[in-house]
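Given next are the chains, with one letter for each unit.
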Amino acid sequence: MEDPLLVFCPYPTIHTDGSLLDGIIMPQSKYCRDNCRTHECLKFNPGEKNRGPMFYTCAKGFSVAVVAVDESLLRINGVIEASTNTAPPRFRREQKSRKLKSEELTRWIRAFLGARPKYEKYVEAKAKEAVHALHDIKSLIGSVLTTAEQYINEQNGKTIDDKIEASPPHIQTIYHSCEILQSLLQITDILTNPAVAQYGTPWAISVHGVILKLIKIHESRALSQNKRLILRGHSVNKVRLYSSFIIIPHILIDNAIKHADRDTDIRVWITDKDNGEIKLDFSSFGNLVPEEEREFIFERGARGSNARARGSGLGLYIAQLVAKANGFQVGYKAKPTGILGNAKGYNEFIFTVPVSAPKSAPKPSLGTSPLSSRSVYG
Amino acid sequence: MEYAIRGVAKGVDHLFAEEKRMLWHKHITNCEVTLPATELVKRTRIVVIDDERTTFPFDVLQEQGYSIDYWPDVKDLDRLERGFYDIIILDIGGIGRELDETNEGIAVLKHLKKLNPAQVVVAFSGQSYESAKIPFFQLADQYVPKPTSAITWKEIIDDLLKTKVTVGHYWETMRQALRDAGASEKAIKGVEASLVKAASGRHVDLCKTIQKLAGPLENAVTLAAIGAKIVALCNTQ
């Protein structure tokens, strides 16, 4: 099967103009991602299922075709020549070479919908290939981790932690790198299947222990960029959380290392509240998230316009998704210091872990077991 | 560190054994006795069923005192069904093909949970991103992604020992299974009393007692196996 012609646009800006002018189809997701501040398209819903394509053109001349198919919305990227088109010149040049009539676009969409079952099969087959590849990677990382642990196990010490401390630095580095890779793989799992965030049963986790471990894991990486990771405060409370919880502090610490200014401190504050809740505050100094973008930082694919490091814009989205699965939310606060006209300051990510365990996902019905006809006890 | 004595028995250490037994007479959950953590760890039987041996930290955990067996596939389903292992760590892919070629680990988990809902099963898999396999992970008592370090494994197993490998959990599941099988409240109380009797050291044929009190139940042997686990957790002195 040929590659799909249409491009799914994550962030087109649209307004309900209701009409489509002749224009072109082109991938402009990067333009939208970097320039769109309203993200109104994400709120738009044509309302009727399988009604056929509806076209909208935004003030900048970017258009999207939106089709409600079953339970999901299909957004099709497109730049249509409109009277209000303020697209940059480089887009206009391309517009001339890739003209497209509205009727043609409609035909494409209809053809796309018709080919959907075939397309889905293709995607499924490709996904299966990726699944197998990812599985092999996990197994290999598992083997490296187990080998490092076997070596660590030969060191002196009563507990596993003691033995890690007693291990040579290069073994510790391998061990910690495996743990970072393990967290990254977990993020991939959650991204592909958000239900993963609520797999298993919430169990008693020492949040302080988790943060301490993460700081040890990320310490050398932070130091290599002249940034210091500091843990302040103390917590003795244990709270029942899903295993996925660890991803939240991992993402926040990783983001802080990536985006904080050099020669600054990254501080994690942890405090036990009187009612048993645990308050966490991740603070780092650097470029502040611009005010108009703050509302969207936890959205999928959101990237700060002043972000220096490369990134997918998925970290904070995943952190919030996992936080919600665990019964709380991550908040953001910008604390300007007056340097460079309030552009610099402390970026703070704050959340409070509740005492009560998050609600577990309902257990599925056991139905008929494929083995149930087997006589067990004769 | 010691696990706390639960229920009425808590705080009555100064009483003589006979007096304690009198207190326990009412409810089986009152008779759970403390065991030093190391002893509980040693007594707990764990099996890892995974076609890849290298992804589980056997050496580290065995040195920490855990009794862990390894099966590259479901070697002995009868043993699993009879509740021989307190914790089953189950992979999803590459195991159980002889039993169900398509569903593999999912079929094994479904089967075990249906037969013995008190059986603690940990889903250990690297395929959690497959949304088609969501039921497998939701059915399990705990989920551990691949790969996972020995420290996290230790914390998770210790938590399961505190929350699931307990008289309270086993009895609650057994009581529910009896109710589901149509046993009367009177019969359930009778079964509980016979468990208390067995826990105080007297010989009781649990399977026969369950069938006598609750009628000819299909899963009487499984219920008796859960009962035996309860008695074992009480008979620790």
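Residues numbered from 1 in each chain as written. Chains lettered and ligands numbered in written order. Predicted model: local features only at pLDDT ≥ 70, side-chain atom pairs only at ≥ 80, totals over all residues.

Right, let's talk about the sheet that holds strand β5 (residues 142-145) of chain B for a bit. Residue and element names in this part refer to chain B. As summarised here, the arrangement of the five strands in space is β2-β1-β3-β4-β5, forming an open sheet in which the pairing is parallel. Each edge of the sheet is formed by a strand with only one pairing partner; in this case those strands are β2 (67-71) and β5. Going across the sheet, the axis of each strand differs from the next one's by a mean of 20°, ignoring polarity. As paired elements, strand β1 (residues 45-49) and β2 share five bridges and run parallel to each other. The residue bridging I49 from the neighbouring strand is W71, located in β2. In the packing of helix α7 (residues 150-163) onto the sheet, contacts are made with β3 (87-90), β4 (120-125) and β5, and the angle to β5 comes to roughly 175°. (Pairing = 2+ DSSP bridges. Helix = DSSP H or I, 4+ residues; strand = E, 2+ residues; numbered from the N terminus. Axes fitted to C-alpha atoms, helices over the stretch in contact; angles between N-to-C directions. Contact = placed C-beta atoms within 7 Å.)

Moving on to the interface of chain A and chain B. Reports of interface size often rely on the accessible area that becomes lost once the parts have come together. Each side of the interface is counted separately: chain A has 38 residues, and chain B has 44 residues. When residues of the side of chain A that touches chain B are traced back to their parent elements, those giving at least two are α4 (116-153), α6 (169-192) and β6 (203-206) of chain A. Counting residues per element, the side of chain A that touches chain B draws most heavily on α4(A), at twelve residues. Partitioning the side of chain A that touches chain B into residue classes produces 16 nonpolar, 17 polar and five charged. (Nonpolar A, V, L, I, M, F, W, Y, C, P; charged D, E, K, R; others polar.)

Bringing the environment of A:N287 into the picture now. Residue and element names in this part refer to chain A. By the secondary structure assignment, N287 is in strand β10 (residues 278-287). For N287, a count of 18 C-beta atoms within 10 Å puts it in the partly exposed group. Taking the C-alpha atoms as reference, N287 lies 9.7 Å from A334; in sequence the two are 47 residues apart. (Buried ≥ 20, exposed ≤ 12 C-beta atoms within 10 Å, placed from the backbone.)

When two helices pack together, their arrangement is given by the angle between the helix axes and by the axis-to-axis distance. Residues and elements named next belong to chain B. Viewed as axis vectors pointing N to C, helix α10 (residues 206-214) and helix α11 (residues 220-234) meet at an angle of 125°, and their least axial separation amounts to 8 Å. Regarding the angle of α10 to α11, the classification is oblique. Considering only the axes of α10 and α11, their crossing is right-handed. Counting all contacts with α10, which are made through L206, C207, I210 and Q211, the residues of α11 involved are A220, V221, L223, A224, G227 and A228. Of the residues belonging to the contact of α10 with α11, the class tally is eight nonpolar, two polar and no charged. (Parallel < 35°, antiparallel > 145°, perpendicular 65-115°, else oblique. Left-handed = near helix turned anticlockwise from the far one by under 90°.)

For residues that are not glycine, phi is negative in most cases, and the peptide bond is trans in most cases. Here the amide bond leading from B:K146 into B:P147 is cis, since omega sits at -10°, within 30 degrees of zero. The topology assignment puts B:P147 in the loop between β5 and α7. Unlike most non-glycine residues, A:N226 shows phi in positive territory, near 60°. Inspection of the secondary structure assignment puts A:N226 in the loop between α7 (207-224) and β7 (228-234). Its identity is not glycine, yet A:D263 carries a phi of approximately 55°, on the positive side. Look at A:D263 and you get exposed, because 10 C-beta atoms sit within 10 Å.

This brings us to the confidence of the model for chain A. Residue and element names in this part refer to chain A. On average, residues of chain A score 75 in pLDDT, and 61% of them are at 70 or above. The lowest-confidence element of chain A is strand β1 (residues 23-24), averaging 36 in pLDDT; the highest-confidence one is strand β9 (residues 265-272), averaging 96. A low-confidence stretch, residues 79-85 (pLDDT under 50), is modelled with 26 contacts involving residues beyond four sequence positions or located in other chains. (pLDDT = per-residue confidence, 0-100.)

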